[in-house]
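Given next are the chains, with one letter for each unit.
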Amino acid sequence: MAALRSPVHAVSTIPPPSSPRRARHRTATWLALLLLLGVAGWAGWIWWQARQADARAASVDAEQRLDAFAERLAAMRRDQRAQTQRLQQADATNRVLRDELLGIGERAALLEDSVAKLADPDRHGAQALRLDETELLLTLGQQRLLIAGDLDGARRAYALAAGVLDGGDDPAYLSLRQTLMQERAALDALGAEPRVQALARLEALAPTLLAAPPYKATGAPARAPWWRRVLGSVVEVQPSDRAVAVQPADRAAAQAGLQLELSLARAAAERRDPASFRAALLRAERWLLRLAPESPALARRRAQLQAIAAMPLSLSLPTLGTTLQQLRQLRAR
């Protein structure tokens, strides 16, 4: 019996094989876990993409807000500059208006003074107007002579003043008429204006100075020794202190310099600058020495230039303004 039971006991101790259902359950569990992990990863990726999109949208919105703020700031600055310009224009306009009001006030005061003088019974209105016109004409004549150098205009102004003064019948102004006659005689004796005379002489001499003949070498005299006549065609002797321009380029430069100095002399004469006028003519004389050798013609031209340089450019009339000064003294008394 014991021998018969042992095989049965051996068979009962062998472990039973695993069930297929349990294996499939584990596989499904792992698949579910993997699916859950995939869904979680996909959801996380979607959340990350949304977060990045929100961050980009916020950055774009911030940049747009900054651009809008910069534009508003620039507009405010433009408005501020425009306001500043308008304030400056308003300030300038106010200053102009204030000056105009002051000028109007001064003119009104002058008109009141003139009306008061005309209404004064101790003064003759027509005589006062005649004296005012005479003073104005004398002032205009003196200014035209001193400032513009218009001798003819000054003579006409003095002639008109004499005509206006002769229309009065007050014997108190007899000495004033005599002084005006003497001043007119001095103006008539002046002849032409010195500046006009100097410019006319310079204009007449300028073509002669600029028309310098081409340079020709001077040989030895005919009665000189034979060796001097032979060497005279090869060697030219000039003074060491002055060299005449020989080359065409040098002569052209000298003529240009001479013409420039003559133009500067004309400009100095127009503005009545005697120092610049004489300096320009002195430089022109130096250029002239570069164009022509010593000769009687050159000496005459130099003498003419020096004579023009010594001419006055302004009028010298000691009695100018005496009539106007005497008239003002009489009116002040």
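Scoring rules and cut-offs
- Residues numbered from 1 in each chain as written.
- Predicted model: local features only at pLDDT ≥ 70, side-chain atom pairs only at ≥ 80, totals over all residues.
- Heavy atoms only, no water.
- Helix = DSSP H or I, 4+ residues; strand = E, 2+ residues; numbered from the N terminus.
- Buried < 20%, exposed > 50% of the residue type's maximum accessible area, 1.4 Å probe, protein only.
- Contact = heavy atoms within 4.5 Å.
- Areas by Shrake-Rupley, 256 points an atom, 1.4 Å probe, with all protein chains shown as cover.
- Patch = residues over 30% accessible without salt bridge, like charges linked within 9 Å, V, L, I, M, F, W, Y side chains within 5 Å.
- Salt bridge = Lys/Arg side-chain N within 4 Å of Asp/Glu carboxyl O.
- Axes fitted to C-alpha atoms, helices over the stretch in contact; angles between N-to-C directions.
- Parallel < 35°, antiparallel > 145°, perpendicular 65-115°, else oblique.
- Nonpolar A, V, L, I, M, F, W, Y, C, P; charged D, E, K, R; others polar.
- pLDDT = per-residue confidence, 0-100.
- Core = buried A, V, L, I, M, F, W, Y, C linked by side-chain atoms within 4.5 Å.
- Left-handed = near helix turned anticlockwise from the far one by under 90°.
- Expected span 1.5 Å × (residues − 1).
- Bend = angle between axes of the 7 residues up to and from the residue.
- Arc of directions from axis to C-beta.
- Polar contact = N/O pair within 3.5 Å; in protein donor to acceptor, adjacent residues only side chain to side chain.

1. Focus: the overall build of the chain
Piece 1. For the chain, the helix and strand inventory stands at 11 helices and zero strands.
Piece 2. Mapped in sequence order, the helices and strands of the chain form the string α-α-α-α-α-α-α-α-α-α-α.
Piece 3. When burial is assessed residue by residue, the chain has 24% of its 333 residues classed as buried.
Piece 4. If you take every contact in the chain between residues at least 6 apart in sequence, the share linking residues at least 24 apart comes to 72%.
Piece 5. Surface accessibility of the chain: about 23,600 Å² in total, with carbon and sulfur atoms responsible for 61%.

2. A look at a nonpolar patch on the surface
Piece 1. A cluster of nonpolar side chains, contributed by Trp30, Leu33 and Leu36, occupies part of the molecular surface with about 360 Å² of accessible area.
Piece 2. Relative to the helices and strands, leucine 36 resides in helix 2 (residues 20-119).

3. With respect to the packing of helix 6 (residues 194-210) against helix 8 (residues 248-270)
Angle between the axes and distance between the axes are the two parameters that describe a pair of packed helices.
Piece 1. At a minimum axis separation of 10 Å, helix 6 and helix 8 run at an interaxial angle of 175 degrees. Here helix 6 lies roughly antiparallel to helix 8, going by the angle between them. Every residue of helix 8 that contacts helix 6 at Arg195, Leu199, Leu202, Glu203, Ala206, Leu209 and Leu210 is listed here: Gln255, Leu258, Gln259, Leu262, Ala265, Arg266, Ala269 and Glu270.
Piece 2. Among the residues making up the contact of helix 6 with helix 8, the classes are represented as nine nonpolar, two polar and four charged.

4. Focus on the confidence of the model for the chain
Piece 1. Averaged over every residue, the pLDDT of the chain is 77; residues scoring 70 or more account for 79%.
Piece 2. The lowest-confidence element of the chain is helix 1 (residues 2-12), averaging 44 in pLDDT; the highest-confidence one is helix 9 (residues 274-291), averaging 87.
Piece 3. Segment residues 1-14: pLDDT under 50, and zero contacts once partners within four positions in sequence are set aside and those in other chains are kept.

5. Quick notes on the nonpolar core
Piece 1. Counting 26 residues, the largest nonpolar core has Leu202, Leu209, Leu258, Leu262, Phe277 and Leu281 as the members making the most contacts within it.
Piece 2. At the level of secondary structure, the elements contributing two or more residues to this core comprise helix 6, helix 8, helix 9 and helix 10 (296-309).
Piece 3. The element that contributes the greatest number of residues to this core is helix 9, accounting for seven residues.
Piece 4. Once you skip the residues sitting within four places of it in the chain, leucine 202 turns out to touch Leu262, Ala265, Arg266, Phe277, Leu281 and Ile308.
Piece 5. Of all hydrophobic cores here, the second largest spans 19 residues; its members include Leu138, Leu145, Leu151 and Leu327.

6. Looking at the pattern of salt bridges
Piece 1. All chains considered together, the criterion is met by nine salt bridges.
Piece 2. Linking glutamate 285 and arginine 302 is a salt bridge whose minimum nitrogen-to-oxygen distance equals 2.7 Å. Of this pair, glutamate 285 sits in helix 9 while arginine 302 sits in helix 10; the two residues are 17 residues apart in sequence, bridging distant segments of the chain.

7. Focus on the packing of helix 8 against helix 9
Piece 1. Two elements in contact, helix 8 and helix 9, have axes separated by 8 Å at closest approach and are oriented at 165 degrees. Put simply, helix 8 runs roughly antiparallel to helix 9. Judged by the twist between their axes, the crossing of helix 8 over helix 9 is left-handed.
Piece 2. When the residues that make up the contact of helix 8 with helix 9 are grouped by side-chain class, the tally is 15 nonpolar, three polar and five charged.

8. Overview of the environment of threonine 139
Piece 1. Positionally, threonine 139 belongs in helix 3 (residues 125-148).
Piece 2. Threonine 139 sits in the buried class, given a relative accessible area of 18%.
Piece 3. Measuring from C-alpha to C-alpha, the distance between threonine 139 and tyrosine 158 comes to 9.3 Å, with 19 residues separating the pair along the chain.
Piece 4. Apart from the residues within four sequence positions on either side, threonine 139 is in contact with Leu324 and Arg328.

9. Topic: helix 6
Piece 1. The terminal C-alpha atoms of helix 6, which comprises 17 residues, lie 24 Å apart, in line with the 24 Å expected from a rise of 1.5 Å per residue.
Piece 2. The largest bend in helix 6 comes to about 25 degrees, at alanine 204, with the proline proline 207 one to four residues further on.

10. What to know about the side chain of threonine 134
Piece 1. Tracing the sequence through the fold places threonine 134 in helix 3.
Piece 2. For threonine 134, the contacting residues outside a window of four places in its chain are Ala161, Val164, Leu165 and Leu327.

11. Brief notes about helix 5 (residues 174-188)
Piece 1. Between its terminal C-alpha atoms helix 5 stretches 21 Å, which fits the 21 Å expected from 15 residues at 1.5 Å a residue.
Piece 2. Those residues of helix 5 lying buried are Leu176, Arg177, Thr179, Leu180, Glu183 and Leu187. Buried residues of helix 5, viewed axially, fall in a sector of 160 degrees; they line one side. Of the exposed residues in helix 5, those oriented more than 90 degrees away from the buried face are Met181, Gln182 and Asp188.

12. Some remarks on the side chain of arginine 195
Piece 1. Summarising the element assignment, arginine 195 is placed in helix 6.
Piece 2. There is a polar contact of 3.1 Å between the side chain of arginine 195 and the side chain of glutamate 270.
Piece 3. With near-sequence residues (within four places) excluded, arginine 195 lies in contact with Ala148, Ala269, Glu270, Arg272, Pro312 and Leu313.

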